[in-house]
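# A structural walkthrough
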Amino acid sequence: MPLKSLENYKDLFSFIYCRFIDSLLLVYWFFTAGFDYCFVYCWFIDSLLLVYWFFTAGFVYCFFDVSSSENMGDTGLPPVPIPNESTSIRSPTALPPVPAPHRNTRKLASRGRGKRRAVEEAPVDDSAETETDEGKRKPCRPRSWTWDHFTKDETSNPQYPRAKCNWCGASYACDTHKNGTSNMKNQLLSQCKKFPKEALDPTQKILCFQDVVKDDRKGIGSSLSAVSFDVDRCRQALARMIIVDEFPFSHVEGEGFRYYTSCLQPKFPIPGRLTVARDCWKLYLNEKVKLKSVFSQPNQNVCLTTDCWSSVQNLNYLCLTAHYIDANWKLQKRILNFCAIKNHKGETIGRKIERCLLSWGISRVFSITVDNASSNDVALSYLKNRMEDWNSHPLRGEFLHVRCCAHILNLVVNDGLREMHESILKIRNAVRHVRASPGRTERFKSMIKEARILEKGTVHLDVPTRWNSTFLMLESALKFQKAFKRLGERDSEYAMMAGGIPRSEDWENARHFVKFLKIFYDVTNQVSGSTFVTSSQHFNDFCKILSTLKHWMGSLDTVLSSMAEKMKSKYDKYWGNIKNTNMMIFIAVVLDPRYKLQLIKWSFEKLYEKEDAEFLTSKVKETLFRVFDSYRLFGGNYQRSTRQDPPENSTQELEAHETSFAMEFEKEMQFNESANKNEVELYLMEALEKSGVQFDILNWWKVNSTKFPILGQIARDVLAMPVSTVASESAFSTGGRVLNNYRSSLTPMIVEALICTQNWLRNSPKLVLEELIEELEKLELELAPTRDPNEEDSGVESD
């Protein structure tokens, strides 16, 4: 122990002198009185020296002198304290071991050991430091793991120390001799609800319900599984959240997110935005490899949709989407590319699509659906010529070009509504008036209550260039006709509105418009779907629109008749010559077991002349047989290449039974009989399936594909064909949210990774706030059922 003053040297010399005298007296007494008296005298002298040393050198040297005696074996002679770090004085040579005849020796030794443990475990107060380091020793850290989760209570009585749990704050006695740590351990393992018990063993798994993706990818379910904390899995889930929920990369650096994550799992190291961006890119590459393996399967054909878009960065983007029916007969939609292009020229679009398909390894393309832009016609011509070299589809791109039906419907209706009727203008102005300010909206809501209208929604504003928004505006305004009438009677500003307020005849005209436009609205929603089959239903919509236009053209209402005539002229421009229509639209109807060829024949007879109807029916039937022959030749070669013929020199042939020739003959006859009988004829001869809401055409073909294998492959291609490009256009809405004014610095490569991976991972469409107006208003009433009268008086009453 270091010495810092001359008094320490004096004490050291006193200690050596006393020990020297003690040794001389011990030797003298040994030769005069004998061994037993010598031992008693030794302890007597040692006790006197202990008292002397206590008053001269201090308590610490005294304690060290006594407690050190255990380290000297059975001699009972304590070593000399170390006076300095560099020099040390060791105890003299120990005497031969002497047995301890008295019990007092054991008691003293045990007392010394207990005192030493008490000093070692006692906490040291750093503020009580003196000028010298005499007697100061570093306290030992508690050995039990429980002290990692408990903190000693400084406010407790030192004679009865206590410790508090870091998780729940429970207080327990922690005296070393009386209590120990068993009570604290029992608190953590049995009683504390906040303590993560799995943290004791990182490999320990716990049972819990976790979200899993359903097989049909139409939602998320839950399953009971055993899980454990995994940092890599958490980082992958974080990257998935950033992509699916369209969060920026800097979201992980937000104060609220970091606090929430630290409370949820303190052991998870929150990555930075650059690390999250790398994780998102890694997830994109992994999912792309999985999707490539799907397209590499045999007989997996795809249908494509494409469209172009310009972002806030003034960059042109092309979206390429694949539609296909997988081996489980589930309709799938995947965005393949969302890449930048130089311009919207047809050849540029065609070259870009070709490079995208080659990079994916897709060589079996059935159809490509595009809108009616002239550049798309050039792009399809370029692709059709180039794909003849590498397209391995049985039809070789014969029916490759499919026009977007939703785009044609939009052009047809816009031509009819180009000259807006006066009634529509008045209703639009009325809706704009009540939605112009919060005060006007509140007054209109009060009129709704007075009229006792039970509708929970409100009127919708429209976009004049979009007819579907005009239809929704008229439909919503008709529900509140009584409220508008009361508003005109009590609100002078509304009554004096420019252009006049809607009258009874205006509301009546609006009802006719809504009834007329609803047909087009329903058909547009039907053909715009991407999660269900649209090709087999398009012919019904085609016939419905044509018959509706013919009916309204003969109406006595001049407004409706003139509108129908304008729409019919635009309709004839695209669909007037049905001979130029893609024949796969009609083949899809034939492959629907509810309609088959009978619906085609009956509809043509209703809509066209007899000669034209017979010609169109025969053309559809001829096309069906020709497509079947192409698939049969292609499928027959494939089946022959995959058949495993037995070896010529097989020992089984030598040991063949007499019945083997008969069995081989029966198999050959069955093969020839099935080959002679055409599957198309057998399919058309069967009775029609009953129509119903629960009928699933894909499930029907899944069950009957073994009965009609070639027709089943045709159905997988034709039924997967989309009749609109809405699937690609919807990606532009996502692109607008990803590339907004605050995130316009993202590179095209990162944008493509985010949008494509979101489409591959997302199981449900993103919620739109406008679609939840009724739910939000109901929630507002639940949160604030009553209002303060002062608040009502202080509301906004003026415009």
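Further up the page is the structure itself.
Read on for a plain summary of the structure. These figures come from a predicted structure and were not determined experimentally.

Looking only at helices and strands, the chain has 31 helices and ten strands in total. Of all 799 residues assigned to the chain, the portion counted as buried reaches 39%. Look at the contacts in the chain between residues 6 or more apart in sequence, and 67% of them connect residues 24 or more apart.

The subject of this paragraph is a nonpolar patch on the surface. A cluster of nonpolar side chains, contributed by F20, I21 and L24, occupies part of the molecular surface with about 270 Å² of accessible area. Along the polypeptide, L24 turns up in helix α1 (residues 6-33).

As a further point, take the packing of aromatic side chains. Aromatic ring pairs: the centre-centre distance and the angle between the two ring planes describe each pair. All told, the structure shown has 30 aromatic pairs when counted by the stated rule. Their ring planes at 40° and their centres at 5.7 Å tell us that F484 and W507 sit as a pair that is tilted. Linking F484 in helix α15 (residues 481-490) with W507 in helix α17 (residues 504-527), this pair joins segments that are 23 residues apart in sequence. This pair shows no difference in class: F484 is buried, exactly as W507 is. The rings of F539, F542, Y571, W575, F586, F604 and Y608 are connected pair by pair, giving a single aromatic cluster. Taking NZ or CZ as reference, K288 lies 5.2 Å from the ring centre of W360, over its face. Positioned above the aromatic ring of Y683 is the side chain of K596, whose terminal nitrogen or guanidinium carbon lies 4.5 Å from the ring centre.

Let's shift gears to the sheet that holds strand β7 (residues 316-325). Spatially, the five strands line up as an open sheet ordered β8-β7-β6-β9-β10, and their pairing is mixed. Since the sheet does not close on itself, it has two edges, and those belong to β8 (331-341) and β10 (401-403), each with one partner. Ignoring strand direction, the axes of neighbouring strands in this sheet form an average angle of 25°. Summarising the sheet, strand β6 (residues 302-310) and strand β9 (residues 365-370) pair through four bridges and their orientation is parallel. What sits directly across from T305, in β9, is T369. Helix-sheet contacts for helix α8 (residues 273-295) involve β6, β7 and β8, and the interaxial angle to β7 is about 50°.

So, about the packing of helix α11 (residues 405-416) against helix α19 (residues 558-575). At a closest axis distance of 7 Å, the pairing of α11 and α19 adopts a crossing angle of 150°. Judged on the interaxial angle alone, α19 and α11 are roughly antiparallel. Crossing of α11 against α19: the hand is right-handed. In contact with C405, I408, L409, L411, V412, V413, D415 and G416 of α11, α19 contributes M563, K566, M567, K570, Y571, Y574 and W575. Its residues assigned to classes, the contact of α11 with α19 comprises eleven nonpolar, one polar and three charged.

Moving on, we get to the pattern of salt bridges. One pass over the full model with this rule turns up 22 salt bridges. A salt bridge links D506 to K426; the shortest N-O distance between them is 3.5 Å. A residue pair is termed long-range when its members are at least 10 positions apart, and D506 in helix α17 and K426 in helix α12 (residues 422-434) qualify at 80 residues. By relative accessible area, which is 5% here, D506 ends up buried. A residue is classified by how much of its surface remains accessible, and K426, at 15% relative accessible area, is buried. One salt bridge in this structure joins D491 and R443, with 3.8 Å as the shortest N-O distance. Of the two residues, D491 is situated in the loop between α15 and α16 (492-495) and R443 in helix α13 (residues 438-450); the sequence distance between them amounts to 48 residues. On the basis of relative accessible area, D491 is assigned to the buried category, the value being 12%.

Calculation criteria
- Residues numbered from 1 in each chain as written.
- Predicted model: local features only at pLDDT ≥ 70, side-chain atom pairs only at ≥ 80, totals over all residues.
- Heavy atoms only, no water.
- Helix = DSSP H or I, 4+ residues; strand = E, 2+ residues; numbered from the N terminus.
- Buried < 20%, exposed > 50% of the residue type's maximum accessible area, 1.4 Å probe, protein only.
- Contact = heavy atoms within 4.5 Å.
- Patch = residues over 30% accessible without salt bridge, like charges linked within 9 Å, V, L, I, M, F, W, Y side chains within 5 Å.
- Areas by Shrake-Rupley, 256 points an atom, 1.4 Å probe, with all protein chains shown as cover.
- Salt bridge = Lys/Arg side-chain N within 4 Å of Asp/Glu carboxyl O.
- Phe/Tyr/Trp six-rings, centres within 6.5 Å; stacked < 30°, edge-to-face > 60°.
- Lys NZ or Arg CZ within 6 Å of the ring centre and 35° of its normal.
- Pairing = 2+ DSSP bridges.
- Axes fitted to C-alpha atoms, helices over the stretch in contact; angles between N-to-C directions.
- Parallel < 35°, antiparallel > 145°, perpendicular 65-115°, else oblique.
- Left-handed = near helix turned anticlockwise from the far one by under 90°.
- Nonpolar A, V, L, I, M, F, W, Y, C, P; charged D, E, K, R; others polar.

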